[in-house]
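Single-letter residue listing:
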Amino acid sequence: MKNSTKKTAFLTLSSVLTVIALATATLGTAHATSTTSYSFNLVGPNTAMAQNTIPGTPISAGDVLRLTGAGAFDLSKGAASGGGSFTHYKPDGSVFARGLWVVTGFQSFTSYGGPNPGVQGGVLLVTVSIIGPEATFSGLTLQVSCHVNAQANAPEEGTTLPGLFSVPTSGNTLFHLNN
(Lines give C-alpha, C1' and ligand atoms only; values in the text may rest on other atoms or scores of the structure.)
Protein backbone atom coordinates (compact mmCIF):
# COMPACT_ATOMS: atom_id res chain seq x y z
CA MET A 1 0.00 0.00 0.00
CA LYS A 2 2.81 2.40 0.78
CA ASN A 3 4.10 2.07 -2.77
CA SER A 4 0.64 2.78 -4.14
CA THR A 5 0.26 5.84 -1.90
CA LYS A 6 3.63 7.21 -2.98
CA LYS A 7 2.74 6.59 -6.61
CA THR A 8 -0.59 8.41 -6.20
CA ALA A 9 1.05 11.32 -4.41
CA PHE A 10 3.71 11.53 -7.12
CA LEU A 11 1.11 11.47 -9.93
CA THR A 12 -1.01 14.08 -8.13
CA LEU A 13 1.98 16.37 -7.58
CA SER A 14 3.11 15.87 -11.20
CA SER A 15 -0.38 16.69 -12.44
CA VAL A 16 -0.58 19.84 -10.31
CA LEU A 17 2.86 21.00 -11.48
CA THR A 18 1.91 20.30 -15.11
CA VAL A 19 -1.31 22.30 -14.74
CA ILE A 20 0.60 25.19 -13.13
CA ALA A 21 3.24 25.09 -15.90
CA LEU A 22 0.58 25.05 -18.62
CA ALA A 23 -1.39 27.85 -16.96
CA THR A 24 1.75 29.98 -16.64
CA ALA A 25 2.67 29.33 -20.27
CA THR A 26 -0.87 30.14 -21.42
CA LEU A 27 -1.00 33.35 -19.39
CA GLY A 28 2.40 34.35 -20.73
CA THR A 29 1.22 33.76 -24.29
CA ALA A 30 -2.03 35.64 -23.68
CA HIS A 31 -0.11 38.54 -22.21
CA ALA A 32 2.42 38.57 -25.04
CA THR A 33 -0.31 38.55 -27.68
CA SER A 34 -2.78 40.83 -25.88
CA THR A 35 -3.83 43.87 -27.84
CA THR A 36 -4.95 47.33 -27.00
CA SER A 37 -7.80 48.16 -29.31
CA TYR A 38 -10.19 51.08 -29.37
CA SER A 39 -13.21 52.14 -31.31
CA PHE A 40 -14.30 55.70 -31.98
CA ASN A 41 -17.52 57.47 -32.85
CA LEU A 42 -18.22 60.85 -34.33
CA VAL A 43 -21.08 61.80 -32.02
CA GLY A 44 -23.45 63.61 -34.33
CA PRO A 45 -22.08 65.32 -37.41
CA ASN A 46 -18.63 66.89 -36.97
CA THR A 47 -17.76 69.98 -38.99
CA ALA A 48 -14.48 71.72 -39.72
CA MET A 49 -13.76 74.88 -41.70
CA ALA A 50 -10.98 75.68 -44.15
CA GLN A 51 -9.05 78.78 -43.07
CA ASN A 52 -7.33 79.22 -46.40
CA THR A 53 -7.87 78.60 -50.08
CA ILE A 54 -5.77 75.58 -51.04
CA PRO A 55 -4.29 75.97 -54.54
CA GLY A 56 -4.80 72.93 -56.77
CA THR A 57 -7.82 71.75 -54.77
CA PRO A 58 -11.50 72.68 -54.73
CA ILE A 59 -11.09 74.04 -51.17
CA SER A 60 -11.70 77.75 -50.61
CA ALA A 61 -11.34 79.73 -47.39
CA GLY A 62 -14.61 79.42 -45.45
CA ASP A 63 -15.58 76.03 -46.94
CA VAL A 64 -16.96 73.55 -44.40
CA LEU A 65 -16.51 69.78 -44.30
CA ARG A 66 -19.20 67.77 -42.49
CA LEU A 67 -18.31 64.21 -41.42
CA THR A 68 -20.29 61.37 -39.87
CA GLY A 69 -18.96 57.91 -39.08
CA ALA A 70 -17.01 55.61 -36.80
CA GLY A 71 -14.07 53.26 -36.75
CA ALA A 72 -11.64 51.13 -34.78
CA PHE A 73 -7.90 50.78 -34.33
CA ASP A 74 -5.43 48.40 -32.74
CA LEU A 75 -2.28 49.89 -31.23
CA SER A 76 -0.30 46.63 -31.15
CA LYS A 77 -0.95 45.96 -34.83
CA GLY A 78 -0.76 49.58 -35.97
CA ALA A 79 -3.98 49.03 -37.90
CA ALA A 80 -7.16 51.05 -38.29
CA SER A 81 -10.48 50.79 -40.12
CA GLY A 82 -13.65 52.80 -40.42
CA GLY A 83 -15.32 55.50 -42.39
CA GLY A 84 -18.52 57.34 -43.00
CA SER A 85 -19.99 60.06 -45.15
CA PHE A 86 -18.93 63.61 -45.95
CA THR A 87 -20.50 66.75 -47.32
CA HIS A 88 -18.37 69.65 -48.58
CA TYR A 89 -20.16 73.02 -48.30
CA LYS A 90 -19.09 76.28 -49.97
CA PRO A 91 -19.09 79.49 -47.85
CA ASP A 92 -22.59 80.41 -49.13
CA GLY A 93 -23.95 77.11 -47.72
CA SER A 94 -24.37 75.38 -51.08
CA VAL A 95 -23.31 71.74 -51.34
CA PHE A 96 -20.17 71.34 -53.43
CA ALA A 97 -19.75 67.55 -53.06
CA ARG A 98 -20.98 64.52 -51.14
CA GLY A 99 -19.44 61.11 -50.76
CA LEU A 100 -17.64 58.70 -48.46
CA TRP A 101 -14.48 58.77 -46.38
CA VAL A 102 -12.60 55.55 -45.65
CA VAL A 103 -9.78 54.91 -43.18
CA THR A 104 -6.82 53.44 -45.08
CA GLY A 105 -4.11 53.48 -42.41
CA PHE A 106 -3.10 54.11 -38.80
CA GLN A 107 -0.68 56.91 -37.88
CA SER A 108 -0.77 57.49 -34.10
CA PHE A 109 -2.88 57.67 -30.97
CA THR A 110 -2.32 59.60 -27.75
CA SER A 111 -4.61 58.39 -24.98
CA TYR A 112 -5.88 60.74 -22.27
CA GLY A 113 -7.59 57.89 -20.41
CA GLY A 114 -11.08 58.24 -19.01
CA PRO A 115 -13.45 57.36 -16.20
CA ASN A 116 -14.29 53.94 -17.68
CA PRO A 117 -13.52 51.84 -20.79
CA GLY A 118 -16.55 53.22 -22.64
CA VAL A 119 -15.58 56.87 -22.15
CA GLN A 120 -12.00 57.64 -23.16
CA GLY A 121 -10.27 60.73 -24.49
CA GLY A 122 -7.33 61.17 -26.81
CA VAL A 123 -6.08 62.26 -30.21
CA LEU A 124 -6.08 59.85 -33.14
CA LEU A 125 -4.38 60.39 -36.49
CA VAL A 126 -5.40 58.08 -39.34
CA THR A 127 -4.90 58.13 -43.08
CA VAL A 128 -8.11 58.45 -45.09
CA SER A 129 -9.39 58.62 -48.63
CA ILE A 130 -12.21 60.98 -49.53
CA ILE A 131 -14.29 59.46 -52.31
CA GLY A 132 -16.66 61.71 -54.22
CA PRO A 133 -18.56 61.43 -57.48
CA GLU A 134 -16.00 63.47 -59.44
CA ALA A 135 -12.73 62.69 -57.63
CA THR A 136 -10.95 60.68 -54.95
CA PHE A 137 -8.37 62.26 -52.65
CA SER A 138 -6.08 59.68 -51.03
CA GLY A 139 -3.41 59.85 -48.37
CA LEU A 140 -5.10 62.57 -46.28
CA THR A 141 -4.67 62.78 -42.51
CA LEU A 142 -7.81 62.80 -40.36
CA GLN A 143 -7.43 63.96 -36.76
CA VAL A 144 -10.05 62.79 -34.26
CA SER A 145 -9.84 64.57 -30.89
CA CYS A 146 -11.87 63.83 -27.77
CA HIS A 147 -11.46 66.09 -24.71
CA VAL A 148 -12.25 63.55 -21.98
CA ASN A 149 -9.33 63.93 -19.49
CA ALA A 150 -7.58 66.31 -21.91
CA GLN A 151 -4.82 68.68 -20.85
CA ALA A 152 -5.18 72.42 -21.38
CA ASN A 153 -3.10 72.46 -24.57
CA ALA A 154 -4.93 69.55 -26.27
CA PRO A 155 -6.38 70.00 -29.76
CA GLU A 156 -10.00 71.14 -29.88
CA GLU A 157 -12.77 68.53 -29.70
CA GLY A 158 -13.86 67.24 -33.10
CA THR A 159 -12.44 66.12 -36.41
CA THR A 160 -10.16 67.95 -38.83
CA LEU A 161 -8.14 67.35 -41.95
CA PRO A 162 -5.00 69.22 -40.83
CA GLY A 163 -3.79 71.67 -43.47
CA LEU A 164 -7.12 71.53 -45.31
CA PHE A 165 -10.15 71.75 -43.02
CA SER A 166 -8.19 72.68 -39.90
CA VAL A 167 -10.69 74.51 -37.68
CA PRO A 168 -13.21 72.28 -35.85
CA THR A 169 -16.54 74.12 -35.72
CA SER A 170 -18.98 71.61 -34.21
CA GLY A 171 -19.44 68.02 -33.16
CA ASN A 172 -18.14 65.64 -30.53
CA THR A 173 -16.14 62.46 -30.59
CA LEU A 174 -15.66 59.56 -28.20
CA PHE A 175 -13.13 56.74 -27.84
CA HIS A 176 -13.96 53.33 -26.33
CA LEU A 177 -11.30 50.99 -24.92
CA ASN A 178 -12.27 47.53 -26.21
CA ASN A 179 -10.11 45.44 -23.83
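In this text, all values refer to a predicted model and were calculated from it rather than measured experimentally. (Residues numbered from 1 in each chain as written. Predicted model: local features only at pLDDT ≥ 70, side-chain atom pairs only at ≥ 80, totals over all residues. Heavy atoms only, no water.)

## Observations regarding the overall build of the chain
So, step 1. From N to C terminus, the chain includes one helix and eight strands.
So, step 2. The linear arrangement of helices and strands in the chain, starting from the amino end, is α-β-β-β-β-β-β-β-β.
So, step 3. Buried positions account for 33% of the 179 residues belonging to the chain.
So, step 4. Across the chain, contacts joining residues at least 24 apart in sequence account for 53% of those joining residues at least 6 apart.
So, step 5. Put simply, the chain shows about 9800 Å² of open surface, and 61% of that area lies on carbon and sulfur atoms. (Helix = DSSP H or I, 4+ residues; strand = E, 2+ residues; numbered from the N terminus. Buried < 20%, exposed > 50% of the residue type's maximum accessible area, 1.4 Å probe, protein only. Contact = heavy atoms within 4.5 Å. Areas by Shrake-Rupley, 256 points an atom, 1.4 Å probe, with all protein chains shown as cover.)

## Brief notes about the nonpolar core
So, step 1. Counting 28 residues, the largest nonpolar core has Trp101 and Phe175 as the members making the most contacts within it.
So, step 2. Secondary structure elements with two or more residues in this core: β1 (37-49), β2 (64-74), β3 (79-89), β4 (95-116), β5 (119-131) and β6 (136-146). (Core = buried A, V, L, I, M, F, W, Y, C linked by side-chain atoms within 4.5 Å.)

## A closer look at the pattern of salt bridges
So, step 1. Throughout the structure, instances matching the rule amount to one salt bridge.
So, step 2. Put simply, Lys90 and Asp63 hold a salt bridge, and the shortest N to O gap is 2.8 Å. Taken together, the positions of Lys90 in the loop between β3 and β4 and Asp63 in the loop between β1 and β2 put the pair 27 residues apart, joining distant regions of the chain.
So, step 3. For Lys90, a relative accessible area of 18% gives the class buried.
So, step 4. Among the residues examined, Asp63 registers a relative accessible area of 0% and is labelled buried. (Salt bridge = Lys/Arg side-chain N within 4 Å of Asp/Glu carboxyl O.)

## Some details on a nonpolar patch on the surface
So, step 1. A cluster of nonpolar side chains, Leu100, Val102 and Ile131, forms an exposed patch at the surface whose accessible area comes to about 220 Å².
So, step 2. Among the secondary structure elements, Val102 is positioned in strand β4. (Patch = residues over 30% accessible without salt bridge, like charges linked within 9 Å, V, L, I, M, F, W, Y side chains within 5 Å.)

## With respect to the environment of Ala61
So, step 1. Examined against the element boundaries, Ala61 turns out to sit in the loop between β1 and β2.
So, step 2. Remark: the alpha-carbon pair of Ala61 and Gln51, spanning ten residues in sequence, is separated by 5.0 Å.

## Looking at the pairing of β1
So, step 1. Of the pairings in the sheet, the one linking β1 to β2 comprises nine bridges and is antiparallel in character. Bridged to Asn46 within β2 is Leu67.
So, step 2. Pairing analysis gives nine bridges linking β1 to strand β8 (residues 167-177), with the strands arranged antiparallel. Across the sheet, Thr47 pairs through a bridge with Ser170, a residue of β8. (Pairing = 2+ DSSP bridges.)

## Points about the confidence of the model for the chain
So, step 1. Considering every residue of the chain, the mean pLDDT works out to 86; 81% of them sit at 70 or more.
So, step 2. Scored below 50 in pLDDT, residues 5-33 shows zero contacts in the model against residues more than four places distant or in partner chains. (pLDDT = per-residue confidence, 0-100.)

## Considering unusual backbone geometry
So, step 1. One non-glycine residue, Asn149, lies in the positive phi region at around 65°.
So, step 2. By secondary structure assignment, the location of Asn149 is in the loop between β6 and β7 (158-160).

## Here's the deal with the side chain of Ser129
So, step 1. Within the secondary structure, Ser129 sits in strand β5.
So, step 2. Only 3.3 Å separates the side chain of Ser129 from the side chain of Ser138, close enough to count as a polar contact.
So, step 3. Setting aside residues up to four positions removed in sequence, Ser129 forms contacts with Leu100, Trp101, Val102, Thr104, Phe137, Ser138 and Gly139. (Polar contact = N/O pair within 3.5 Å; in protein donor to acceptor, adjacent residues only side chain to side chain.)

## Some points on the packing of aromatic side chains
The geometry of an aromatic ring pair comes down to the distance between the two centres and the angle between the two planes.
So, step 1. Applying the stated criterion to the full structure yields eight aromatic pairs.
So, step 2. Taking 4.7 Å as the distance between ring centres and 50° as the angle between the ring planes, the aromatic pair formed by Tyr38 and Phe109 counts as tilted. Remark: Phe109 occurs in strand β4 and Tyr38 occurs in strand β1; sequence separation between them is 71 residues. Across the pair, exposure class does not vary: Tyr38 and Phe109 are buried alike.
So, step 3. Chaining the aromatic ring pairs together yields one cluster made of Tyr38, Phe40, Phe73, Phe106, Phe109 and Phe175. (Phe/Tyr/Trp six-rings, centres within 6.5 Å; stacked < 30°, edge-to-face > 60°.)

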